[in-house]
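# Topology and contacts: notes
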Amino acid sequence: MKEKMPKNPWFIFFWISLFIIIFMLMNSTRQKAQEVELDYSQFKQNIKAGMISMVEVAPEIIKGQFKNEKGELLKFKTKPMNDPNLVKDLEENNVPKFNGVEKSWLTSFLLSWGPIILLLLFWFWMMRGMMGGGKQAMAFGKSKAKAANPNQTKVTFKDVAGCAEAKEELQEIVAFLKDPAKFQKLGGKIPKGVLLFGAPGTGKTLLAKAVAGEAGVPFFSASGSEFVEMFVGVGASRVRDLFEQGRKNAPSLLFIDEIDAVGRHRFAGIGGGHDEREQTLNQMLVEMDGFDTKEGVILIAATNRPDVLDPALLRPGRFDRQIVVPNPALSDRKEILDVHAKNIKIDAEVNLQVIAKRTPGFVGADLANIVNEAALLAARKDQTSANMKNFEEAIDRVMAGPARKSIVSTPDELKKIAYHESGHTIVAKMLPKADPVHKVSIIPRGQALGLTWQLPDGEKHLTTKEEAMDKIAVLFGGRAAEQIVFNELSTGASNDISQATKLATKMVTTFGMSDKIGPISLDKDSGGEVFLGRDISKNSHLSEKMSELVDIEIKKIIDDGLKTAMAILKKHKKIMDDMVAQLLKKETLDSDEIETIVKGRLEPVAG
Ligand code: NHX
Ligand code: ZN
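Residues numbered from 1 in each chain as written. Chains lettered and ligands numbered in written order. Predicted model: local features only at pLDDT ≥ 70, side-chain atom pairs only at ≥ 80, totals over all residues. Heavy atoms only, no water.

## Details of the overall build of the protein
From N to C terminus, the protein includes 20 helices and 14 strands. Taken over 607 residues, the protein has a buried fraction of 40%. For the protein, long-range pairs separated by at least 24 residues make up 73% of all intrachain contacts whose partners lie at least 6 apart in sequence. Of the roughly 34,000 Å² of accessible surface on the protein, 57% is carried by carbon and sulfur atoms. (Helix = DSSP H or I, 4+ residues; strand = E, 2+ residues; numbered from the N terminus. Buried < 20%, exposed > 50% of the residue type's maximum accessible area, 1.4 Å probe, protein only. Contact = heavy atoms within 4.5 Å. Areas by Shrake-Rupley, 256 points an atom, 1.4 Å probe, with all protein chains shown as cover.)

## Re the sheet that holds strand E1 (residues 36-37)
Pairing between sheet strands relies on hydrogen bonds along the backbone, with the strands arranged either parallel or antiparallel. Here five strands make up an open sheet; going across it, the order is E1-E4-E3-E2-E5 and the pairing mixed. For this open sheet the edge positions go to E1 and strand E5 (97-100), each flanked by a neighbour on one side alone. In the packing of helix H2 (residues 40-48) onto the sheet, the strands contacted are E1, strand E2 (52-57), strand E3 (62-67) and strand E4 (73-78), and the crossing angle to E2 comes to about 135 degrees. (Pairing = 2+ DSSP bridges. Axes fitted to C-alpha atoms, helices over the stretch in contact; angles between N-to-C directions.)

## Brief notes about the coordination of the zinc ion (ligand 2)
Every protein donor of the zinc ion (ligand 2) is listed here as His420 (NE2), His424 (NE2) and Asp496 (OD), and their distances to the metal cover 1.9 to 2.1 Å. Angles of 28 to 158 degrees at the metal separate the six donor atoms of the zinc ion (ligand 2), which places the site in the irregular class. The class of histidine 424 is buried, set by a relative accessible area of 6%. With a relative accessible area of 12%, aspartate 496 lands in the buried category. (Donors = N, O, S within 2.8 Å, 3.2 Å for Na, K, Ca; no water. Tetrahedral: all angles 85-135°; square planar, octahedral: opposite > 155°, others 65-115°.)

## What to know about the site of ligand 1
In the vicinity of ligand 1, the contacting residues are Ile417, His420, Glu421, His424, Gln447, Ala448, Leu449, Gly450, Gly492, Ser494, Asn495 and Asp496. At a separation of 2.9 Å, a nitrogen atom of ligand 1 approaches a polar side-chain atom of glutamate 421. One nitrogen or oxygen atom from the side chain of histidine 424 is found 2.9 Å from an oxygen atom belonging to ligand 1. Elements with a contribution of two residues or more to the shell around ligand 1: helix H15 (411-430) and helix H17 (494-509). Looking at the shell around ligand 1 residue by residue, the class counts come to three nonpolar, seven polar and two charged. (Near = heavy atom within 4 Å. Polar contact = N/O pair within 3.5 Å; in protein donor to acceptor, adjacent residues only side chain to side chain. Nonpolar A, V, L, I, M, F, W, Y, C, P; charged D, E, K, R; others polar.)

## Describing the packing of H15 against helix H16 (residues 465-486)
Here H15 crosses H16 at 135 degrees, and the two axes come no closer than 7 Å. One finds that H15 runs oblique with respect to H16. The two elements H15 and H16 cross, and the hand of that crossing is right-handed. On H16, the residues touching Lys415, Lys416, Tyr419, His420, Gly423, His424, Val427 and Ala428 of H15 are Ala473, Val474, Leu475, Gly477, Gly478, Arg479, Ala481, Glu482, Val485 and Phe486. Here the contact of H15 with H16 is composed, by residue class, of nine nonpolar, five polar and four charged. (Parallel < 35°, antiparallel > 145°, perpendicular 65-115°, else oblique. Left-handed = near helix turned anticlockwise from the far one by under 90°.)

## Overview of the nonpolar core
Judged by nonpolar contacts, the single largest core of 46 residues is most densely connected at Val427 and Leu569. Mapped onto this core, the elements with two or more residues apiece are H15, strand E12 (437-441), H16, H17, helix H18 (544-571), helix H19 (573-586) and helix H20 (591-598). Among the elements that take part in this core, H16 stands out by supplying nine residues, more than any other. Each residue touching leucine 569, except ones within four places of it in the same chain, is listed here: Gly423, Ile426, Val427, Gly477, Ala480, Ala481, Ile484 and Met576. Within the second largest apolar cluster, 29 residues are counted, among which are Val155, Val174, Val211 and Ile300. (Core = buried A, V, L, I, M, F, W, Y, C linked by side-chain atoms within 4.5 Å.)

## Observations regarding the sheet that holds strand E13 (residues 451-454)
Ordered in space as E13-E12-E14, the three strands form an open sheet in which the pairing is antiparallel. Of all the strands in the sheet, just E13 and strand E14 (588-590) have a single pairing partner and so form its edges. On average, each strand axis in the sheet is tilted by 10 degrees relative to the strand beside it, whichever way the strands run. The pairing of E12 with E13 spans four bridges and is antiparallel. Bridging from a neighbouring strand, valine 437 pairs with glutamine 454 of E13.

## Quick notes on unusual backbone geometry
Within the chain, asparagine 94 stands out as a residue other than glycine whose phi angle is a positive 55 degrees. Considering the arrangement of structural elements, one finds asparagine 94 in the loop between helix H3 (86-92) and E5. In this structure, asparagine 487 takes a positive phi of about 50 degrees despite not being glycine. Mapped onto the elements of the fold, asparagine 487 is located in the loop between H16 and H17. A relative accessible area of 60% means that asparagine 487 is categorised as exposed.

## A closer look at the packing of aromatic side chains
According to the stated counting rule, one finds seven aromatic pairs in the structure shown. Ring centres 5.9 Å apart and planes at 25 degrees place the aromatic pair phenylalanine 219 and phenylalanine 255 in the stacked group. One end of the pair, phenylalanine 219, is in strand E8 (residues 219-223); the other, phenylalanine 255, is in strand E9 (residues 252-257), with 36 residues separating them in the sequence. Judged by centre distance (5.7 Å) and plane angle (90 degrees), the rings of tyrosine 419 and phenylalanine 486 are edge-to-face. (Phe/Tyr/Trp six-rings, centres within 6.5 Å; stacked < 30°, edge-to-face > 60°.)

## Describing the environment of valine 350
Looking at the element boundaries, valine 350 is found in the loop between helix H11 (330-341) and helix H12 (352-358). Counting along the chain gives 39 residues from valine 350 to lysine 389, while the straight-line C-alpha distance between them is 8.9 Å. Look past the residues within four positions of valine 350 in its chain and what remains in contact with it is Ala386, Asn387, Met388 and Phe391.

## Overview of the side chain of aspartate 83
With respect to the helices and strands, the residue aspartate 83 is situated in the loop between E4 and H3. Given a relative accessible area of 18%, aspartate 83 falls into the buried group. Among the polar contacts made by the side chain of aspartate 83, one reaches the side chain of tyrosine 40 at a distance of 2.6 Å. Setting aside anything within four residues of it in sequence, one finds aspartate 83 in contact with Tyr40 and Lys44.

## Side note on the environment of glutamate 295
Within the secondary structure layout, glutamate 295 lies in the loop between helix H10 (275-290) and strand E10 (297-303). Ignoring any residue separated from it by four or fewer positions in sequence, one finds glutamate 295 in contact with Arg247, Ala250 and Pro251.

## Some remarks on the side chain of lysine 204
Summarising the element assignment, lysine 204 is placed in helix H7 (residues 204-215). Despite its burial, lysine 204 pairs with no opposite charge; the closest candidate is aspartate 257, at 6.0 Å N-O. (Lys, Arg positive; Asp, Glu negative; His and termini not counted. Salt bridge = Lys/Arg side-chain N within 4 Å of Asp/Glu carboxyl O.)

## Observations concerning the pattern of salt bridges
Using the criterion set out here, one finds 28 salt bridges in the structure. The residue arginine 247 makes a salt bridge to glutamate 287 at a minimum N-O spacing of 2.9 Å. With a gap of 40 residues between them, arginine 247 in helix H8 (residues 234-248) and glutamate 287 in helix H10 connect regions that are remote in the sequence. Since its relative accessible area comes to 8%, glutamate 287 is described here as buried. Close ionic contact of arginine 305 with aspartate 307 constitutes a salt bridge, the shortest N to O distance being 3.1 Å. By relative accessible area, arginine 305 is classed as partly exposed at 26%. When salt bridges with common partners are traced through the structure, they connect Arg358, Glu373, Glu392, Glu393, Asp396, Arg397, Lys439 and Arg445 into a single cluster.

Right, here's the structure in full:
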């Protein structure tokens, strides 16, 4: 609500009345300052002493003039009492002038009508806001959809690197928006809504913008969270408004980001649905059913949680087309890096292909972030262009946060950190199915005191059971090293443990990798419906026996991983000592330095 205050007469009137009231208040206090307030008893004594020269009796106050002991003429006031003898006293003591006073007309008018006038004013103000055009204050129900001028948003598919399939799918929408008449003549059914699925940062918004840009139509965007407001009915009215805007400017493209904020499965969560959200969702469904693609309006929505969407949204005639916007593959990442690198100065030696290889699982936003960080790092060091070292540091920053050299650890603690990280590294080096170690460091970064970086060999889309088991063993490499070397445990392995537990749980309940349980999905989300709050419902759909078995199987995997790590590190304690010495000296070891330390020394471990 950042609208300018409207300059309408009501506002001017409002401010003027406010000023008058303040002025009157100040005035009266100023007068009061010169008046002496007398007790009624003092007043009566003064009458009897003949000091009073004038009296005005009003229903609420008695005012007048009196002489004090020094003979000064002063104003006074006092509170009237139920005193039938007052007039008699005044007469008997020869007060020269006394008088009764009516309430002033202004006072009595304000007293009786003031509240009503204020109410009326407020009511008028509200009504104006609600009924008047979109620019009035309190226009709650208006959509905040931002229209992007088609001439301004020159984003086209050329600017969208990667996701070739999604672009291809969207071509049809572009063709339709470019010339709705052509499609209408043929009578084919054009999709009304397109749902873009993809992880955060994969470029769903950019794609939608590019569709509008390609077709040269106006682009109206809103975020699902904007529709979920405090007041019931506001969201629904915003939805109505958004569609109205789209229709007015047809052919046009509507974009709703984070549609899961509104379109979450109804009746999900404790206490049934959220009234306001449900109304908003219903309104959206109504609008989608109501509008005809003949009008040339197409709705694109984006979400990263397709599983929580209300099935009603996905029925034919609504979002009947669903397009996956995947995490970029290696070649896509290279393309994306190329696009962003155009905006900064980079060294000739920088090989973006290497950066793309180093960043599996990264999405477009992360890559943009890396390029930006690299430029900032180069600028900080007064370089004229970003070099490969800047990019390496930028990747680490985006992955784990900035290095925190300010954390100073005692030599004792440094040793612990070095052993923990060496433990991860050596276990990873030993196990054939574990991802190769790229780098190990005892420089604190983000939340971690030390880190071991692993990099898969190529693009990996599947993980086998053996690979998962090895992953868990590597995760326990840190804990195992602490156990072996110091024979005590620290809190530091918490993140490793939580990751291992998550993976083990998934292996059992989702991936069907437990022999005892077999390929049964026991995932609480797999039923498609979200019941009570996530954590409360944990495993409540399982029989007691099955729950127990799940726990046992998870524990078995965990124990197995820890055992593997322990066995490896017990056998290779010497190598670990060497690696710790190197780490304490150099702080960071790259894959070559690690290889030099372990070369030819890793022997198979029995069991
Ligand atoms: C603390 N941090 O919380 C200190 C500052 C055992 C040598 N008292 O396993 O740093 O104990 O292999 C993401 C990544 C919490 C989220 C790491 C949340 C680490 C990291 C706890 C190394 N490296 N643990 C590791 C570590 C810690 C933590 C995280 C996270 C340590 C260990 C953190
Ligand atoms: Zn660790």
